Amino acid sequence: MRLRFLGGLGVLAAAAILTTGCDSQPADTVKMADSKADAAAKAKASKAAKVQRAAAVKANELGQIPVLMFHRVVDKPGTTDDRSPAQFRADLERLVKEDYVPITAAEMVAGRIDIPAGKHPVVLTFDDSSPSQLTLNEVGVPHKDTAVAILKEVAAKHPGFRPVATMYITRDMFGKTVREEQAQTLQWLKDNGFDLGNHTRDHINLRGRSQKEVEEQISTIGKQIASLSGVKPTTIALPYGNQPKNKNWALHGPGYHHDGAFLAGYTPSPAPFSKAFEPAGIPRIKVMEKKGDCSQFCSEAWLDWLNKNPDMRYVSDGDPRTVAYPKFKNPYLRKTFATWALPY
């Protein structure tokens, strides 16, 4: 047998090989264990740093968000829903001063709130697709004193204030009746970061309507918006704020799927990460000074209230991948976002 011819050195070598194979850990395994430990340590340190940053800005991403409801912007307001250009500029300047950053309705309902740490989200919504909101000149520039032009002017003066809003569209289509002009307008909005939403074809009250009527009103304008712009609306603003008999008809139907349905106006909205958030009935706030009923329930009053109650307002931690909030608010977190949670 060949083993008889192994000398002393050969026996020692064989023993060394056997010892290495049975009693010691391979180098690759040791490296793998070290890398896993390093990764875990880095993850722990990273989370601790995020918690520290969130606490430093008093982040509260379970707080309330003002969703502001605008209609026409005209020189001579005819109703309390209208704003003059001067009033609209003042509305925006106040938001800038109080550290609000616009996001779209689509971003809000999806939980894609990407704004700097310490800032507050605000959703600007415009109902009825009025020419006063956007009219383009012959070279595709918004006319002076339209809502979009004013928003862009204010944003240019204040870097960080995003010039975005959600336009809730009816068949009025910003006053355009020629298909090509309608397409130009909607595509301009899309290309400039604006969100296109559904406001039903004829702006009829959906309360008391049959399922067929509700679905026809919503699906026809949704298909038109998609064919003109390539955008399928993900939210709807209910005309007059009235929900149909079955509130889910506004969310899902033939040819449309909405992640959120917005009401007319009343209070700030719960954050999308909060258990209080109701996708089928998201409140908005009418934009108006403290007069009559608006002494309590319109934008000036609610923005004042949020200023006086900062613990109730949404404050960003600056990281769209986490939901940061004081630990004692943990019971209010929606389970859907448990993996995003960053309590401090």
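Predicted model, so just to flag it, every value in this text is computed and none were measured.

Trainee: Would you mind showing me how to read the packing of aromatic side chains here?
Mentor: For any two aromatic rings, the description comes down to two numbers: the centre-to-centre distance and the angle of the planes. Counting across every chain of the model gives 10 aromatic pairs. Ring centres of Phe-70 and Phe-88 lie 5.1 Å apart, and the angle between their planes is 80°; on these two criteria the pair is classed as edge-to-face. Of this pair, Phe-70 sits in strand β1 (residues 67–70) while Phe-88 sits in helix α3 (residues 85–97), and the two are 18 residues apart along the sequence. Its relative accessible area of 0% is what places Phe-88 among the buried residues. For the ring pair Trp-302 and Trp-305, a centre distance of 5.5 Å and an interplane angle of 85° mean the geometry is edge-to-face.

Trainee: How should I be thinking about helix α7 (residues 211–229) in this particular structure?
Mentor: The periodicity of an α-helix, 3.6 residues per turn, causes residues three or four positions apart to be oriented the same way. Under the 1.5 Å per step criterion, the end-to-end length of α7 is 27 Å for 19 residues, consistent within 8% with the ideal 27 Å. When α7 is considered as a whole, its buried residues turn out to be Val-214, Glu-215, Gln-217, Ile-218, Ser-219, Ile-221, Gly-222, Ile-225, Leu-228 and Ser-229. Where α7 is buried, its residues contact β4 (166–169), α6 (179–191), β5 (195–198), β6 (235–237), β7 (252–253) and β8 (256–257). Phi turns positive one or two residues past the end of α7, at Gly-230, with a value near 80°.

Trainee: I keep staring at the packing of α6 against α7 and nothing clicks. Help me out?
Mentor: A pair of packed helices can be characterised by two numbers: the angle between their axes and the separation between those axes. Contact geometry of α6 with α7 gives a least axis separation of 8 Å together with a crossing angle of 80°. Of the possible angle classes, the one that applies to α6 and α7 is roughly perpendicular. Residue-level inspection shows Arg-179, Gln-182, Ala-183, Leu-186, Gln-187 and Lys-190 of α6 in contact with α7, the latter providing Gln-224, Ile-225, Ser-227, Leu-228 and Ser-229. A breakdown of the residues in the contact of α6 with α7 according to their chemical character gives 4 nonpolar, 5 polar and 2 charged.

Trainee: Would you explain the nonpolar core in this entry?
Mentor: Soluble globular proteins: nonpolar side chains tend toward being buried together. Formed by 40 residues in total, the largest nonpolar core has its most connected members in Leu-92, Leu-95, Leu-124, Leu-186 and Leu-189. The element that contributes the greatest number of residues to this core is helix α5 (residues 147–157), accounting for 6 residues. Other than its neighbours up to four places away in sequence, Leu-92 contacts Leu-124, Ile-150, Leu-151, Val-154 and Phe-161.

Trainee: Honestly, the state of the cysteines in this entry has me stumped. Any pointers?
Mentor: Two cysteines form a disulfide when their sulfur atoms are joined by a covalent bond. By the definition in use, this model includes 1 disulfide. Disulfide partner of Cys-294: Cys-298, at an S-S distance of 1.9 Å. The sign of the -45° torsion about the S-S bond sets the Cys-294-Cys-298 disulfide as left-handed.

Trainee: What is the right way to read the pattern of salt bridges from this model?
Mentor: Pairing is possible between side chains that carry opposite charge, provided their charged atoms lie close to one another. One pass over the full model with this rule turns up 20 salt bridges. Between Glu-153 and Arg-89 there is a salt bridge, with its nearest N and O atoms 3.1 Å apart. Pair noted here: Glu-153 is in helix α5 and Arg-89 is in helix α3, with a separation of 64 residues, a long-range link. Between Asp-145 and Lys-144 there is a salt bridge; the shortest N-O distance is 3.7 Å. According to the relative accessible area criterion, Asp-145 is partly exposed, its value standing at 23%. Each of Arg-89, Lys-144, Asp-145 and Glu-153 takes part in one network of salt bridges that share partners.

Trainee: Sorry if this is basic, but what is going on with the pairing of β4 here?
Mentor: Two faces make up the sheet, and in a regular strand the side chains alternate between them. Judged by which residues are buried, β4 turns out to be covered on both faces: Thr-166 and Tyr-168 on one side and Met-167 and Ile-169 on the other are all buried. Of the pairings in the sheet, the one linking strand β3 (residues 120–127) to β4 comprises 3 bridges and is parallel in character. Among the inter-strand pairings, Thr-125 is bridged to a residue of β4, identified as Thr-166. Taking the sense of rotation as the criterion, the β-α-β connection linking β3, α5 and β4 turns out right-handed. Pairing geometry for β4 and β5, over 4 bridges, is parallel. Counterpart to Met-167 in the pairing with β5 is Leu-196.

Trainee: Even after reading the chapter, I still don't get the side chain of Thr-235, so can you show me in this structure?
Mentor: Tracing the sequence through the fold places Thr-235 in strand β6. Note on Thr-235: relative accessible area 1%, which makes it buried. Polar side-chain contacts of Thr-235 include one of 2.8 Å to the side chain of Tyr-168. With sequence-adjacent residues up to four places away left out, Thr-235 is seen in contact with Ala-105, Ala-106, Val-109, Thr-166, Tyr-168, Asp-195, Gly-197, Asn-198, His-258, Gly-260 and Phe-262.

Trainee: Mind showing me how you'd approach α3 here?
Mentor: In this model α3 runs 18 Å from its N-terminal to its C-terminal C-alpha over 13 residues, within 8% of the 18 Å that 1.5 Å per residue would give. Of all the positions in α3, only Pro-85, Phe-88, Asp-91, Leu-92, Leu-95 and Val-96 are classed as buried. The buried residues of α3 all sit within an arc of 140° when viewed along its axis, so they share a single face. Seen from the open side of α3, the exposed residues pointing more than 90 degrees away from its buried face are Ala-86 and Lys-97. The inward-facing, buried residues of α3 contact β1, β2 (100–103), β3, α5 and α9 (299–308). Once α3 finishes, Asp-99 follows within two positions and takes phi at roughly 70°, a positive value.

Trainee: Would you mind showing me how to read the environment of Leu-189 here?
Mentor: Note that Leu-189 resides in helix α6. Residues Leu-189 and Met-167 lie 22 residues apart in sequence; the distance between their C-alpha atoms is 8.7 Å. If sequence neighbours within four positions are ignored, Leu-189 has contacts with Leu-134, Val-148, Met-167, Phe-174, Phe-194 and Leu-196.

Reading the values: rules and limits
Residues numbered from 1 in each chain as written. Predicted model: local features only at pLDDT ≥ 70, side-chain atom pairs only at ≥ 80, totals over all residues. Heavy atoms only, no water. Phe/Tyr/Trp six-rings, centres within 6.5 Å; stacked < 30°, edge-to-face > 60°. Helix = DSSP H or I, 4+ residues; strand = E, 2+ residues; numbered from the N terminus. Buried < 20%, exposed > 50% of the residue type's maximum accessible area, 1.4 Å probe, protein only. Expected span 1.5 Å × (residues − 1). Contact = heavy atoms within 4.5 Å. Axes fitted to C-alpha atoms, helices over the stretch in contact; angles between N-to-C directions. Parallel < 35°, antiparallel > 145°, perpendicular 65-115°, else oblique. Nonpolar A, V, L, I, M, F, W, Y, C, P; charged D, E, K, R; others polar. Core = buried A, V, L, I, M, F, W, Y, C linked by side-chain atoms within 4.5 Å. Disulfide = S-S within 2.5 Å. Salt bridge = Lys/Arg side-chain N within 4 Å of Asp/Glu carboxyl O. Pairing = 2+ DSSP bridges. Right-handed = clockwise from strand over helix to strand, strands pointing away. Polar contact = N/O pair within 3.5 Å; in protein donor to acceptor, adjacent residues only side chain to side chain. Arc of directions from axis to C-beta.

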